[in-house]
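# Summary of structural features
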Amino acid sequence: MATAASVPAHRGIIRRPTATTGWLSWFTTIDHKKIGILYGVSAFAFFLVGGAEALLIRAQLAKPDNTLLNADQYNQIFTMHGLTMIFLFVMPMSAAFFNYFIPLMIGARDVAFPRLNAFSYWLFLFGGLFLYSSWFLGGAPNGGWFGYPPNSTTDPSIGMTFYAIGLILTGIASSAGAINLAVTVINMRAPGMTFFRMPVFVWMGLVVQFLLAFSLPIVTVALFEMLFDRRWQTNFFEPAAGGKPLLWQNLFWLFAHPEVYILILPAFGIISEILPVFSRKPLFGYQFVVFSGIAIGFIGFGVWAHHMFAVGLGPVANTAFGITTAIIAVPTGIKIFNWMGTMYGGDLHFDTPMLMAVGAVSMFVIGGLSGVTHAVVPSDYQQTDTYYVVAHFHYVLFGGAVFGLFGGIYYWWPKVFARMLNEFWGKVQFWIMLIGFNLTFGPMHILGLGGMIRREYTYPASLGLTFWNQVATVGAFLIALSVLIFIVNAIVTQLRKPGLENEDPWDARTLEWTTSSPPPVYNFEEIPVVHALDEFWHRKYAEDKEGRLIRVPAGASDDAPDTHREHAIHLPSPSFWPLVAALGLPVIGYGVLYSWWLVGAGALLAIVGFIGWAMEPPVAD
Amino acid sequence: MADTTTHAAPAEHTSTGLPSTKLAMWIFLASECLLFGALITTYVLYRGSSTTPPYQHEVFDIAYTSVSSFVLLASSLTMVLSLVAAEKRDFARMRLWLVATALLGMTFVGGQVYEFTSFYHEGLKIGGPGSNLFGTTFYTLTGFHGVHVTVGILMLLSLVGMSWAGRLPDDQAFPVEMVGLYWHFVDIVWIVIFTVVYLIPQPKPPGT
Amino acid sequence: MRTKRWLAFGLLAVTLLLLSCSKDLPQNTMNPAGPTAQTEKNLLVLVLWPAALVFLIVEGGILLISIRYRHRKGRDRMPAQLHGHTRLEIGWTIAPAIVLAVIMVPTVSTIWQLARQPADAMQITVEGYQWWWGFSYTDPDMQTAYGDHGPIMTADVMVIPAGRTIDLSLTSLGGGAHSTNGIPDHQVIHSFWAPRLFGKQDVIPGDQTNHIVFSADEPGTYYGQCAEFCGLQHGRMKFRIVALDAAGWQHWVEAQRQPAATPTEQLAKQGMDLFFGTNGEGGQCIQCHSIGGTDAAATAAPNLTHFASETHQCFAGCDFETTDEAALKAWLADPNAVKLGAKMPDYGLTPDQIDALVAYLYSLK
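The structure displayed is predicted, hence computed values, not measured ones. (Residues numbered from 1 in each chain as written. Chains lettered and ligands numbered in written order. Predicted model: local features only at pLDDT ≥ 70, side-chain atom pairs only at ≥ 80, totals over all residues. Heavy atoms only, no water.)

### Looking at the overall build of chain A
- Of the regular secondary structure elements, chain A holds 18 helices and two strands.
- Expected size for 621 residues packed as a compact globule is a radius of gyration near 25 Å; at 25 Å, chain A falls within 12% of this value.
- Projected onto its principal axes, the C-alpha coordinates of chain A cover approximately 75 × 60 × 50 Å.
- For chain A, buried positions account for 69% of its 621 residues.
- The long-range share in chain A, meaning contacts at least 24 apart out of those at least 6 apart in sequence, stands at 81%.
- For chain A, the accessible surface area stands at approximately 19,200 Å², while carbon and sulfur atoms represent 71% of it.
- Averaging the positions of the 31 positive and the 35 negative side-chain charges in chain A gives two centres separated by 3 Å. (Helix = DSSP H or I, 4+ residues; strand = E, 2+ residues; numbered from the N terminus. Rg over C-alpha atoms; globule rule 2.2 N^0.38 Å. Buried < 20%, exposed > 50% of the residue type's maximum accessible area, 1.4 Å probe, protein only. Contact = heavy atoms within 4.5 Å. Areas by Shrake-Rupley, 256 points an atom, 1.4 Å probe, with all protein chains shown as cover. Lys, Arg positive; Asp, Glu negative; His and termini not counted. Charge placed at Lys NZ, Arg CZ, Asp CG, Glu CD.)

### Some details on the pattern of salt bridges
Residue and element names in this part refer to chain A.
- Per the stated rule, a full pass over the model turns up 21 salt bridges over all chains.
- Glu 616 is the salt-bridge partner of Arg 115, the closest N and O atoms lying 2.7 Å from each other. Separated by 501 residues along the polypeptide, Arg 115 in helix α4 (residues 114–133) and Glu 616 in the segment after α18 (596–615) bring together distant segments of the chain.
- Each of Arg 280, Asp 504, Asp 507, Lys 540 and Arg 551 takes part in salt bridges that share partners, so that together they form one network. (Salt bridge = Lys/Arg side-chain N within 4 Å of Asp/Glu carboxyl O.)

### So, the packing of aromatic side chains
Residue and element names in this part refer to chain A.
- One pass over the structure, following the stated rule, counts 105 aromatic pairs over all chains.
- Ring centres of Phe 130 and Tyr 590 lie 4.7 Å apart, and the angle between their planes is 55°; on these two criteria the pair is classed as tilted. Here the residue Phe 130 occupies a position in helix α4, and Tyr 590 occupies one in helix α17 (residues 577–594), the gap between them amounting to 460 residues.
- Residue Tyr 590 is classed as partly exposed on the basis of its relative accessible area, which comes to 24%.
- Through pairs of rings, three or more aromatic residues link up here, namely Phe 97, Phe 98, Tyr 100, Phe 101, Phe 201, Phe 278, Tyr 411, Trp 412, Trp 506 and Trp 513.
- Taking NZ or CZ as reference, Lys 34 lies 5.0 Å from the ring centre of Trp 26, over its face. (Phe/Tyr/Trp six-rings, centres within 6.5 Å; stacked < 30°, edge-to-face > 60°. Lys NZ or Arg CZ within 6 Å of the ring centre and 35° of its normal.)

### Quick notes on the state of the cysteines
All names here are of chain C.
- In total, this model carries one disulfide over all chains according to the counting rule given.
- The disulfide that involves Cys 314 links it to Cys 318, with 2.0 Å between the sulfurs. On the sign convention where negative is left-handed, the bridge of Cys 314 and Cys 318, at about -85° about the S-S bond, is left-handed.
- Overall, Cys 314 belongs to the buried group, its relative accessible area being 0%.
- Here Cys 226 is not disulfide-linked; the sulfur of Cys 230 is the nearest cysteine sulfur, at 3.8 Å.
- The buried category is assigned to Cys 230, whose relative accessible area is 0%. (Disulfide = S-S within 2.5 Å.)

### A closer look at the sheet that holds strand β8 (residues 210–214) of chain C
Residues and elements named next belong to chain C.
- Pairing is mixed in the open sheet, where five strands are placed in the order β3-β2-β1-β5-β8. This sheet does not close on itself; its edge strands, each paired only once, are β3 (152–155) and β8. Taken pair by pair, the neighbouring strands of this sheet meet at an average axis angle of 25°, ignoring direction.
- Of the strand pairs in this sheet, strand β5 (residues 166–172) and β8 are connected by five bridges, and their pairing is antiparallel. Residue pairing across strands places Ser 169 opposite His 211, the latter belonging to β8.
- In the packing of helix α4 (residues 246–257) onto the sheet, the strands contacted are β1 (122–129), β2 (132–137) and β3, and the crossing angle to β3 comes to about 100°. (Pairing = 2+ DSSP bridges. Axes fitted to C-alpha atoms, helices over the stretch in contact; angles between N-to-C directions.)

### Observations regarding the interface of chain C and chain A
- Listed as interface residues are 92 residues of chain C and, on the opposing side, 101 residues of chain A.
- Of the roughly 8,100 Å² buried between chain C and chain A, counting both surfaces, carbon and sulfur atoms make up 70%.
- Broken down residue by residue, the surface that chain C buries against chain A is led by C:Met78, C:Trp92 and C:Phe229, which jointly contribute 9%.
- Where chain C touches chain A, the interface holds one salt bridge.
- A salt bridge links A:Arg455 to C:Glu228; its shortest N-O distance comes to 3.9 Å.
- Remark: the boundary between chain C and chain A carries 28 residue pairs in polar contact (both at pLDDT 80 or more). (Buried area = accessible area lost by both parts, 1.4 Å probe. Polar contact = N/O pair within 3.5 Å; in protein donor to acceptor, adjacent residues only side chain to side chain.)

### Notes on the confidence of the model for chain B
Residue and element names in this part refer to chain B.
- Residues of chain B with pLDDT of at least 70 account for 94%, and the chain-wide mean is 92.
- When mean pLDDT is taken per element in chain B, helix α1 (residues 20–45) scores highest with 98 and helix α2 (residues 56–59) scores lowest with 90.
- Note that pLDDT drops below 50 for residues 1–10; the model gives that stretch 34 contacts with residues more than four away or on any other chain.
- Taken together, the chains of this predicted complex give a pTM of 0.95 and an interface ipTM of 0.94. (pLDDT = per-residue confidence, 0-100.)

### Structural notes on a nonpolar patch on the surface
Residues and elements named next belong to chain A.
- Among the surface-exposed residues, Trp 135, Phe 136, Leu 137, Tyr 594 and Leu 598 lie close enough to one another that they form a single nonpolar patch of about 510 Å² accessible area.
- Note that Leu 137 resides in the loop between α4 and α5 (151–154).
- Overall, the relative accessible area of 36% leaves Leu 137 in the partly exposed class. (Patch = residues over 30% accessible without salt bridge, like charges linked within 9 Å, V, L, I, M, F, W, Y side chains within 5 Å.)

### Considering unusual backbone geometry
- The peptide bond linking B:Pro53 to B:Pro54 adopts the cis configuration, its omega dihedral lying at 0°.
- Topologically, B:Pro54 is positioned in the loop between α1 and α2.
- Residues C:Gln130 and C:Trp131 are joined by a peptide bond in cis, for which omega reads 5°.
- Mapped onto the elements, C:Trp131 comes out in the loop between β1 and β2.
- Despite not being glycine, A:Gln233 has its phi angle at roughly 50°, a positive value.
- Secondary-structure assignment places A:Gln233 in the loop between α7 (200–232) and α8 (245–279).

### Side note on the arrangement of the chains
- By contact count, the dominant pairing among the two pairs of chains in contact is that of chains A and C.
- There is a gap between chain B and chain C: no contact, and a shortest C-alpha distance of 12 Å.

### Comments concerning a positive patch on the surface
- Positive charge collects at one region of the surface, where C:Arg68, C:Arg70, C:Arg72, C:Arg75 and C:Arg77 lie side by side.
- Mapped onto the secondary structure, C:Arg75 falls in the loop between α2 (35–68) and α3 (86–115).

### Focus: the packing of helix α2 (residues 32–60) of chain A against helix α3 (residues 71–106) of chain A
All names here are of chain A.
- α3 packs onto α2 with a crossing angle of 155° between their chain directions and a minimal axis gap of 7 Å. In terms of orientation, α2 and α3 fall into the roughly antiparallel class. Remark: the crossing between α2 and α3 carries left-handed chirality.
- Broken down by class, the residue content of the contact of α2 with α3 amounts to 24 nonpolar, nine polar and two charged. (Parallel < 35°, antiparallel > 145°, perpendicular 65-115°, else oblique. Left-handed = near helix turned anticlockwise from the far one by under 90°. Nonpolar A, V, L, I, M, F, W, Y, C, P; charged D, E, K, R; others polar.)

Below is the structure:
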């Protein structure tokens, strides 16, 4: 890093912006907090779109032989529903929380590479928009989120080419973000913040970044191979030329299985923060929760073919992967038991964040149990590719991840926006969402075992499963109602004037709560010195000789912000080069679809962006 | 309210003592191992699977590729020499060796372009009618590697330009070391590719 | 909290109840009709017991803890700040591991059991097309009595003798030599699934052939469909397996070994002429369909030799009942209109031509 004396005084190509307020500042921001908000708002917008797609699916399946959507429309909608929820909602919403809170929780001023952080956000957004532009440019992806060739490589619609390019773009964004956050956690912890004094949320974040860094390259190769097959008639998955469709499946699931842990671990981290605060006792078995998260990360690379039990890998492979899949249930169970241990004997305050967290744990358990039944390979021959699997993954992803993320939203809203979401309506949202969720996905266990396959746009009345389909549809609309309630709650809340009566409304445990709400751009007046896990808690409370807690007298701890110190806090200035560089990549993407000139233009834009980025001084003149 | 003055950041203090950029580069290179791993796996999976010609033994000129491999290996040597010069603060010499590295890299890439063109004229295609799995996997794997070399050349030339214009920070050896890490990695990947693709013979289809 | 627990528990109970006793679900995995599906169901039920136990312990535990330790207004207590309990950790690591290990024993043995291919099983090749199923009886005693004595071939309905072990070879073929409606024919992945008889196995294009070994305990009709997303009409790529008793099976085999019946009735004769293009009119049908004992031997579309036989209950991806004359007419008039993306082109047939063709098809018993 440059020292003040050694950076020659010069300009970049264009004057570097300085403003940190105003609408334009959102385009040039490199502040992890603003980027976190950008991620969160974008992710939520995509959640609504993905939810609308889900409602269309459920409306179509409410009746047998329904004609609301034809086969072609349905295939695009269910594909986009999956892609949106996974890549454009859960992952970026998790990124929102990681971005906003990891630096605060470890006592840092920002992430390791702030401009790279902005680049990741813009590329994610452009990648998502690129994917959605397909609706208007010939058709959305229609081969399922898993895109199995030869169907996906031979489908005449342009949609699956958008799929390949779009996911390459968002994959690059996530990879850059992964390196950034991993280095941040490893290298930028405050003095005294050893690895085992980090909050579990930060640990889960670290594991997720490594999962991303090592799994994304594999699917990137697969996506390029699919793109080449579609665009330039290569032979990677072409059986007539000797290509093997199963190569895609192996490469894809080598990524996509770790991906499911990428999707759930952030929520596990949030739950691990909320439960102790609202139980008013520490996380039970902190080291075990941490180690089980690491174990899940490692073992997660060894189970991928359990998505392929019915493709004919042979009894040896099926046996091996059945066993590894059973093994991975153990560290997951450890977390559940430790969360129960956290609540046990506590003083449980069921505010909305706590309701969401406990709901997430309970619903995840159901999904986890159905997951164990998948490990019973011969039984999986019946379960796979049916609604039973749809039930399983929605219980873990919606039940676990989405409830967990909502918990984080309610928990940290006051920190980010200096207002409290309405507690009554929060509870209303929770209960309606819980009931709606169970009505939607509970019956899907029956639908699956009763013989309904996945990904079918219609079914006959003679299947005998009309009733449970109707129940699921009703449940889906209840979920929509609960989300609407949340949106109204959020809007009404934000219309109030900011300002918290109590800046530590939940009596929390971790460092982000030592700052003002919202935190100043530099996060901490002075970088905190950390002496313990749950550092903030220990500044407020000390244990007497019986191990009971007593509140430390005011002023005796050093958590009160010192407003009289004058410091020169050095922060890099905003920049627009990350946005420019990021913009070049989807242009290349359009070029691959339509014209080599566009490829050139996009490449030029990206290169100019990167050079400008490299050349600009760390701060504006 | 603290004063956020706008002057450059002080020397970086990190929890591990490793500079963040170096840590980032290592994690990035680790992820690149998986990228090339998947590409090489695809190649190996499909080795001997082509149903139509041309086949490997018909087009490869091992002697030619050995020479260009040597050129790339030599570029790693010049890269090291550049870093040594930078550490001695002889920045003119550093730039010289960086240019040499870039030139050797360009020779390698140029050699590959020539090689691929001649393969194409012998009927080896990446896709479309008349293509086979050998062409598909060969061009993809070596193409990805070639792109990585090209990006490396761009980074080398950028370093030269920025150093010459006085735009690098005082410790010029650090960015040179970072680019050096990347360059050596790309070189090592080539050694693996050259061995797996060129040196290990493929089973010949019957009748050839 | 209470509501949540009863809700979840109630759902589980209803699930098991409804599935176990429902006879109205033609594709119910929990109502097996053959040893393969029965084995697979037994394993699931075996696992569901410990799963239900874990469910009760964990969810019940969460519920009880939530009630017991919830904050009561006015009573502010700081709970004991427990950090952990190593022996508990070891316990709840080892106990689930043991349960899982126990579950994996019958799991692994069943994997191997189901992978066995008995030498005396009847061999049937299953062919997956977009979007219908073809069946080819490859055993030497199942050859046709005409032409080059190839295997008996049917589509949409697989007929088997009840009680006999069948070994299915699963292959994926393209839609055939060409397509005249602009949609090219492709080999894609399918999956063959008849839930009451067997769990699915995928059908992979290329040189991989997967196998399913099964038998049907009793004569009857068993329903199935493609279970791996295969494009537009994945949801309507269905089939049936009709198991016959011994006498019925003999009778069926004999009938199938014969070539197609030559129609005697006037309208049906007209239909046949149209089908083959004998009088210069029509003739497109034989570009894709085959009729046993004639020159029509194309394999791009279903074999129609015994289209109107009693066991051939359905057509067009088993989407319509063969006896549904209106459906057959609608199909011939414009396949794409009744099944979006269907590879059979619209030949612009007049209602009279359709009537004739229908009469011909119904004569193919």
